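Residue strings, one per chain:
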Amino acid sequence: MKNKECVAMLLAGGQGTRLKSLTKKIAKPAVYFGGKYRIIDFPLSNCTNSRIDTVGVLTQYEPLVLNDYIGIGAPWDLDRKYGGVSVLPPFMQAEGGGWYEGTANAIYRNLEFLKQYDPEHVLILSGDHIYKMDYSDMLDYHESTGADATISVLEVPWEDASRFGIMNTEENGRIDEFDEKPEFPKSNLASMGVYIFRWDVLKQYLMDDAEKEDSSHDFGKDIIPALLKDDKKLMAYTFDGYWKDVGTVDSLWEANMDLLQPKPELNLNDHTWRIYSKNPNQPPQYIAPSATVRNALINEGCRIYGTIDTSVIFYGVHVDESSVVKDSVVMPDVKIGKNVKINRAIIAKGSVIEDGAVIGDPDPDSEITLVAEEGSVMASSYAANS
Amino acid sequence: MKNKECVAMLLAGGQGTRLKSLTKKIAKPAVYFGGKYRIIDFPLSNCTNSRIDTVGVLTQYEPLVLNDYIGIGAPWDLDRKYGGVSVLPPFMQAEGGGWYEGTANAIYRNLEFLKQYDPEHVLILSGDHIYKMDYSDMLDYHESTGADATISVLEVPWEDASRFGIMNTEENGRIDEFDEKPEFPKSNLASMGVYIFRWDVLKQYLMDDAEKEDSSHDFGKDIIPALLKDDKKLMAYTFDGYWKDVGTVDSLWEANMDLLQPKPELNLNDHTWRIYSKNPNQPPQYIAPSATVRNALINEGCRIYGTIDTSVIFYGVHVDESSVVKDSVVMPDVKIGKNVKINRAIIAKGSVIEDGAVIGDPDPDSEITLVAEEGSVMASSYAANS
Amino acid sequence: MDQIAGIINLDHEQDLLDELTYFRCGAAVPFAGRYRMIDFTISNMTNSRIESVAVFARRKYRSLMDHLEQGKAWDLDRKRGGLFILPPDWNDPTDISRGDLQHFHNNIDFLRRTLAEYILVSGSQHICNINFQDVLKEHKDVNADVTVIYKKVDELYPEHQMAHKLDIDEENRVTSVNNDHTNTNVYMDMYLIKKDYLYELVEECIAHGCSHFFLDGIKAKIPNLHVHAYEYEGVHALVNSVESYYRASAKLLDVDERDELFRDEAPILTKVKNEAPAKYAASSNVNNTLVANGCIIEGHVEDSILFRGVKVGEGAVIKNSIIMQRCEIESNAVLENVILDKDCSISESRTLIGAPEKPFVLPKRKTM
Amino acid sequence: MDQIAGIINLDHEQDLLDELTYFRCGAAVPFAGRYRMIDFTISNMTNSRIESVAVFARRKYRSLMDHLEQGKAWDLDRKRGGLFILPPDWNDPTDISRGDLQHFHNNIDFLRRTLAEYILVSGSQHICNINFQDVLKEHKDVNADVTVIYKKVDELYPEHQMAHKLDIDEENRVTSVNNDHTNTNVYMDMYLIKKDYLYELVEECIAHGCSHFFLDGIKAKIPNLHVHAYEYEGVHALVNSVESYYRASAKLLDVDERDELFRDEAPILTKVKNEAPAKYAASSNVNNTLVANGCIIEGHVEDSILFRGVKVGEGAVIKNSIIMQRCEIESNAVLENVILDKDCSISESRTLIGAPEKPFVLPKRKTM
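Residues numbered from 1 in each chain as written. Chains lettered and ligands numbered in written order. Predicted model: local features only at pLDDT ≥ 70, side-chain atom pairs only at ≥ 80, totals over all residues. Heavy atoms only, no water.

Under the annotation held in an unreviewed UniProt entry, chain C carries the name Glucose-1-phosphate adenylyltransferase and is attributed to Halobacillus alkaliphilus. Among the UniProt annotations of chain C, the heading Sequence similarities (unreviewed entry) holds the following wording: "Belongs to the bacterial/plant glucose-1-phosphate adenylyltransferase family." (UniProt positions renumbered as here; feature names shortened; annotations may be inferred.)

Within an unreviewed UniProt entry, the label attached to chain A reads Glucose-1-phosphate adenylyltransferase, and the organism entered is Halobacillus alkaliphilus. Recorded in UniProt for chain A, the comment headed Pathway (unreviewed entry) runs: "Glycan biosynthesis; glycogen biosynthesis."

The structure is reproduced here in structure tokens:
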């Protein structure tokens with residue numbers, strides 16, 4: 001069999017506890033975004049659009065929804081005969097087994113998977129970010145600079161730099177130092193958690209790292225520092241475009257609201273870079289005579305009889321007469337009764353909001369209200385953060 | 001979504017230690033059989049031929065080869081949009097996780113998977129046996145008798161009965177007693193490890209069993225006795241046809257030899273009941289002028305210059321001039337040099353047998369010789385059992 | 001459960017939808033915002049657990065092939081069974097069959113290979129949500145030779161005049177198939193028949209030089225056969241002209257009609273396009289309209305259907321119209337009683353107004 | 001890496017394989033025990049990382065469609081790119097294109113949609129194992145307008161007389177395309193061209209009423225274009241007649257020829273059939289023969305090729321013959337210098353002997 005130029009490994013095992021009840025039953029990469037998608041649609045679509053056709057998805061926490069969602073990879077054109085998408089949970093071997101103990105350990109435990117394809121390079125991705133990126137451009141840069149590893153970075157505002165892993169680089173882009181959340185950042189180039197390694201280098205460092213008892217087996221904390229220590233050639237590849245970590249309820253809400261700009265930075269209608277997702281097969285959305293819809297993203301299968309203002313509405317949502325949904329995100333199959341008022345909220349999948357209920361706080365400084373999955377909200381209740 | 005009439009759960013986690021080095025790196029269901037197949041091809045093909053299109057494959061031990069082999073299920077027509085084949089390894093949940101602790105525990109831990117399809121019945125299969133069976137006939141029987149569970153049995157010679165789990169039945173086929181390897185069997189109806197349960201009954205008994213601290217969480221040892229104790233309706237469905245447990249090196253060899261009968265009981269050429277398997281895409285086999293081939297099964301991609309007598313040869317095997325392979329099974333991609341003598345042996349995948357080597361013992365009472373995977377046998381060595 | 005195989009016979013369907021059928025057959029005409037006509041027939045078949053479907057195509061089937069992609073959307077791209085599009089490409093000089101019998105004769109392998117005992121033959125013009133297993137059950141209960149499916153319509157429209165009608169006795173046996181303009185029992189171009197019996201009738205028809213299997217092989221034999229009439233009672237539309245297409249589309253804006261047609265337990269499936277959710281600008285004003293994904297709406301739309309990827313500029317006004325895939329309506333354009341085929345562009349401030357009873361139709365890729 | 005899209009143009013290929021092409025085009029003829037002719041072209045394309053392939057089909061393409069199944073075997077049943085079988089079904093009354101220009105004109109969407117910058121156009125009659133990325137590299141190195149591929153053959157056989165030949169100067173530029181019967185530079189019906197340039201030439205050809213793109217659009221322009229000749233040096237056979245088919249098949253019994261054609265790193269793929277391994281009975285005697293899976297052999301076979309699922313009864317003798325899928329040779333039958341198409345049956349003790357230079361051909365499903 002032919003070997004592969006580049007295989008992607010997508011770390012999708014995170015629980016994402018800061019997303020509260022949204023990740024009670026599903027792993028973070030399976031969380032909904034943008035009226036139609038799940039977070040993992042972005043890295044998977046980036047792969048297929050970048051012509052990377054072999055992706056290992058490392059799962060651990062509540063993989064059932066993710067497994068079922070990824071299925072055979074058909075939505076992302078990753079249902080390939082050789083390669084395609086493979087879900088890689090922890091497994092047992094003759095010499096025992098156990099859970100993945102860190103990002104590097106998860107890849108280390110799947111070296112056999114990588115050896116099957118014997119790639120030249122390995123692309124490491126995480127399933128936590130919303131962005132559109134052509135990994136093949138990064139790969140070209142990685143190959144042309146002859147780097148051992150290339151780390152994708154983006155310029156963040158200086159005042160935010162101390163919240164990120166910061167790459168300090170020489171003029172030519174070579175990384176000479178890595179500062180994890182530095183108090184006094186020397187650069188504003190933040191790591192996006194997207195790495196390309198030469199396969200032989202990665203293999204060696206993962207095997208060495210596995211031997212170290214004091215290692216936390218993490219790319220940022222252990223592998224990158226070890227490479228730098230050995231004076232390996234690490235290059236920073238600057239990405240410029242929309243990139244958002246949606247790790248909290250607030251940032252998830254914000255990223256959804258970003259899509260409602262007249263010309264959003266993240267263009268979902270670009271036919272040369274489609275974001276693929278599993279299709280729920282619903283009829284077109286219906287906007288009734290009584291409805292008022294403005295500044296909104298609405299998906300198929302919805303029926304809108306009320307008012308939607310500056311909101312993102314997933315598939316199969318019904319909004320009855322005289323209800324107002326404002327500055328909110330309504331996830332799939334939510335049923336909203338009459339005379340409901342929703343402000344600055346995320347309503348999780350399958351919730352039922354009864355007639356007259358009032359949810360959320362219109363105060364722009366208030367926290368975003370979250371209604372838990374398959375929650376039921378009565379008229380008398382005022383949904384607390386769950 | 002529509003619910004499914006019957007979902008199959010295939011237990012494929014076994015290590016199969018009695019197959020020695022054949023299962024060092026792969027789970028037992030992935031072991032090769034019949035010149036072309038792996039054991040798991042049989043239950044998977046039975047499912048698709050029985051129009052059961054939803055199969056969960058429970059893996060645990062060394063799942064990489066099995067995962068890769070099953071892939072998206074395309075060879076068995078199980079690459080379905082809704083349903084199809086799903087590989088189900090152990091996973092972590094908010095409340096923790098761990099390895100599967102028994103056949104019943106493995107199913108219990110995947111109740112959420114089954115709930116997705118909300119089937120009427122669940123078919124439990126194991127990945128250890130070679131047989132062709134129409135599960136839909138068994139399902140019809142199960143439905144027509146209104147049983148809570150139906151167990152497929154076959155008549156074994158009385159003298160062997162004490163090696164099996166024996167079902168004692170009333171005249172109408174109702175099971176009144178289950179004897180695990182009885183010293184003095186009252187019946188010769190042995191369980192094949194193929195069960196159909198009503199989904200509501202199975203769910204209840206698995207949940208009850210999970211609570212029991214003294215349970216070994218095994219279908220044969222715990223679930224079936226519990227059902228019998230509660231006087232549930234358990235029916236025996238008599239299967240008559242070829243069925244073979246290939247759990248040892250000798251039985252695996254025997255089952256291969258069975259195929260060489262002029263009219264083998266297990267007909268692999270029946271187009272109404274094809275055994276599907278992943279295709280290695282090799283050109284046709286070439287039988288050279290110097291070759292002598294008789295009483296053999298040979299697969300594509302082979303080149304035969306020597307003598308093949310009463311043997312099963314997998315794909316990509318080369319046998320050079322003046323070598324004789326007799327009463328043996330040669331697994332994929334084995335290279336056999338000149339003047340080699342092989343008798344009563346199983347040569348595992350990728351082995352290289354050098355010129356002049358002598359392997360195995362022609363004595364019909366001798367044990368079958370096993371050459372380990374990717375083994376190399378020199379002229380001077382005499383392969384020991386590994 | 002007994003198995004049924006499906007045949008979608010487009011052989012005698014005429015392409016009378018004017019501009020909409022210049023370059024495609026009627027079965028490939030877009031309908032209901034994201035579907036094609038044939039999606040309803042195929043989905044009804046797969047929802048009835050039919051796993052083998054043959055499409056007898058004769059003319060203008062290229063866009064049909066593109067759309068169907070070997071049945072992918074219906075999970076019919078299979079090893080066992082699946083969807084077969086069968087255009088006419090036969091080269092047997094000894095073949096004497098004519099009309100749709102050519103299809104039955106030359107595609108006899110489809111019938112031979114399927115394990116199904118019964119065959120459901122259907123056209124593509126009757127939009128409905130029907131379960132053919134129910135039809136089979138009735139077929140077996142009354143022990144019929146052939147079961148034909150009909151709809152008793154409340155009111156007769158011009159499109160019904162082009163359909164055959166059934167006279168039925170008190171035991172629901174068909175006594176005649178006719179064109180009586182007052183008869184409201186509209187034959188839905190669907191019948192169920194045992195495979196072996198279909199064989200037999202096909203051979204007989206060919207031997208007698210027939211050219212229309214239903215008329216010559218079944219209708220002509222009504223006195224001698226037990227032809228049972230199955231009444232379909234659900235939502236129904238017959239689309240065989242621009243006017244009936246327009247009328248059927250307008251009915252979709254009714255919530256009850258829509259709920260009966262699009263059902264969770266018997267979904268209508270179609271090719272997936274991966275469009276983003278529809279986007280409504282602050283300036284948009286949309287009422288009583290079906291909108292598919294990928295639309296970007298800045299203007300005013302009412303009583304209309306927008307297919308996938310339609311752009312409506314600021315100040316544009318669309319009423320009582322059907323706008324197909326990827327049309328662009330620039331700002332301040334006015335459209336009323338209009339059907340735009342795919343990829344049309346309407347320039348700024350342009351006005352197009354058709355009659356309510358005869359919409360103005362623009363063919364594919366037109367710029368005005 | 002630059003992207004290439006592929007076009008397999010069957011438009012001008014004649015079906016001259018007698019009985020073997022009565023009901024199928026040459027591209028669909030079974031070859032080498034388990035393949036069809038077109039498998040080699042498609043596999044060469046996918047092995048060269050070509051991800052979009054269009055097949056311009058004109059006649060007898062039904063069995064081709066069945067075989068290709070939208071490209072499944074080559075992993076070409078894709079969302080992005082993939083395999084498109086394009087039979088002629090165009091209905092634009094304003095279309096003035098002729099010959100294979102009709103295909104280029106009516107399928108221009110294929111070219112528009114692909115992201116590839118280069119197009120590789122090939123026929124289906126040249127059996128080889130070639131990497132088109134190597135061709136592209138040379139094409140760019142010499143900065144050619146068009147690169148045509150040829151094979152310098154050792155010996156000229158009748159089949160080569162039907163092919164075009166190339167005159168080449170010392171810089172490997174083509175100076176003429178001709179039918180010189182002594183020229184051993186056989187044009188392989190394959191050329192590489194930039195997509196935009198292909199567009200341009202196609203439009204020019206249509207405007208001038210041309211009907212053969214290669215002859216009118218490329219050959220006629222050789223004085224003005226930089227047409228580079230790429231020499232393919234590997235194993236090669238041209239199959240355009242029964243005799244050349246028979247000769248090419250016999251060559252496959254040579255281990256070196258076979259090793260060059262079937263390579264692990266550039267495999268030839270085909271539709272999967274799920275046949276059991278071939279079974280050799282105790283009475284079998286097989287020599288110098290290629291055997292596909294599903295065969296059950298009880299008789300004597302030498303210097304032959306058996307396709308999938310062939311049964312050879314006890315005492316039957318087969319020599320220098322090609323036996324296609326599912327033929328049954330009953331006991332004591334004798335076949336020599338014979339080609340049996342699919343599904344033939346030879347009854348007990350029957351003898352059929354052709355001439356070594358002109359094999360006896362039996363059409364599909366014949367019983368003798």
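Still to come is the rest of the account.
An account of unusual backbone geometry is needed here, citing residue identities and associated values.
Generally, phi is negative for residues other than glycine and the peptide bonds are trans, each holding for most cases. All names here are of chain B. Even without a glycine there, the phi angle at Asp231 is positive, about 65°. Inspection of the secondary structure puts Asp231 in the loop between helix H7 (219-229) and strand E14 (234-238). The class of Asp231 is exposed, set by a relative accessible area of 60%. Of note in the backbone geometry, Arg344 takes a positive phi value of approximately 45° without being a glycine. (Helix = DSSP H or I, 4+ residues; strand = E, 2+ residues; numbered from the N terminus. Buried < 20%, exposed > 50% of the residue type's maximum accessible area, 1.4 Å probe, protein only.)

Which residues make up the interface of chain C and chain A, and what values do they have?
On the side of chain A, 37 residues touch chain C, which itself brings 35 residues to the contact. Regarding the contact of chain C and chain A, the summed buried area is about 2900 Å², with carbon and sulfur atoms giving 45% of it. For the chain C face of the interface with chain A, the top three residues by lost area are Asn274, Lys279 and Tyr280 of chain C, together amounting to 23%. Where chain C meets chain A, there are two salt bridges. One salt bridge connects Asp259 of chain C with Arg303 of chain A, and the closest N-O pair in it is separated by 2.2 Å. One can count 22 residue pairs in polar contact (both at pLDDT 80 or more) joining chain C with chain A. Secondary-structure elements contributing two or more residues to the side of chain C that touches chain A are helix H10 (255-261), strand E14 (278-280) and strand E15 (285-291) of chain C. Looking at the side of chain C that touches chain A, the element that brings in the most residues is E15 of chain C, giving six residues. (Contact = heavy atoms within 4.5 Å. Buried area = accessible area lost by both parts, 1.4 Å probe. Salt bridge = Lys/Arg side-chain N within 4 Å of Asp/Glu carboxyl O. Polar contact = N/O pair within 3.5 Å; in protein donor to acceptor, adjacent residues only side chain to side chain.)

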